[in-house]
Structures are given as C-alpha cells and as structure tokens.
Amino acid sequence: MTMEDIQKSYAEKCARLGEAVYNQRKLHALAEHLIRELEALEQQARGLSTPPETPSEAPATTQEQ
C-alpha cells in the first residue's frame, strides 16, 4: 500500500465519519423535537380527559327574586 493509498483511505474514512456525526446530530435534534411534540400532546390529552362537571358537582348558584 502506497502513501497515496493510505491518505486516500484515511480521507474516505474521515468523510464517512463526518457524515455519520452530521446524521447523528440531525437525528438527535429530530428526537428532541418529537419529545417536545409528544409532551405537548400529553398536556392536551390531560386537558381533554378531565371529566366535565355534572350538575351535582357544579357550584351552587342562588337566585334572587
């Protein structure tokens, strides 16, 4: 293997490593975004899952005549 072959192989491996690091960072950012979206959906679901007040649970109102 010549020095040129070694340099070429090294450059190719560095390029692949750089691409892998870039892809990993993109995936990490996407995962963080999806986690935030899921947390927002969970908050919405909690708001929707609260049972509405029934007439017996509603605050009593007085009527003046």
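The sections below set out a description of the structure shown in this document. Values in this document were obtained by computation on a predicted structure and should not be read as measured data.

### Notes on the overall build of the protein
What the protein contains, in helices and strands, is 1 helix and 0 strands. In the protein, buried positions account for 0% of the 65 residues. Carbon and sulfur atoms provide 58% of the accessible area of the protein, an area that totals close to 6600 Å².

### As for a nonpolar patch on the surface
On the surface, Met 1, Met 3 and Ile 6 cluster together into a nonpolar patch covering about 390 Å² of accessible area. By the secondary structure assignment, Met 3 is in helix H1 (residues 3–49).

Rules used in this analysis
Residues numbered from 1 in each chain as written. Predicted model: local features only at pLDDT ≥ 70, side-chain atom pairs only at ≥ 80, totals over all residues. Heavy atoms only, no water. Helix = DSSP H or I, 4+ residues; strand = E, 2+ residues; numbered from the N terminus. Buried < 20%, exposed > 50% of the residue type's maximum accessible area, 1.4 Å probe, protein only. Areas by Shrake-Rupley, 256 points an atom, 1.4 Å probe, with all protein chains shown as cover. Patch = residues over 30% accessible without salt bridge, like charges linked within 9 Å, V, L, I, M, F, W, Y side chains within 5 Å. Salt bridge = Lys/Arg side-chain N within 4 Å of Asp/Glu carboxyl O.

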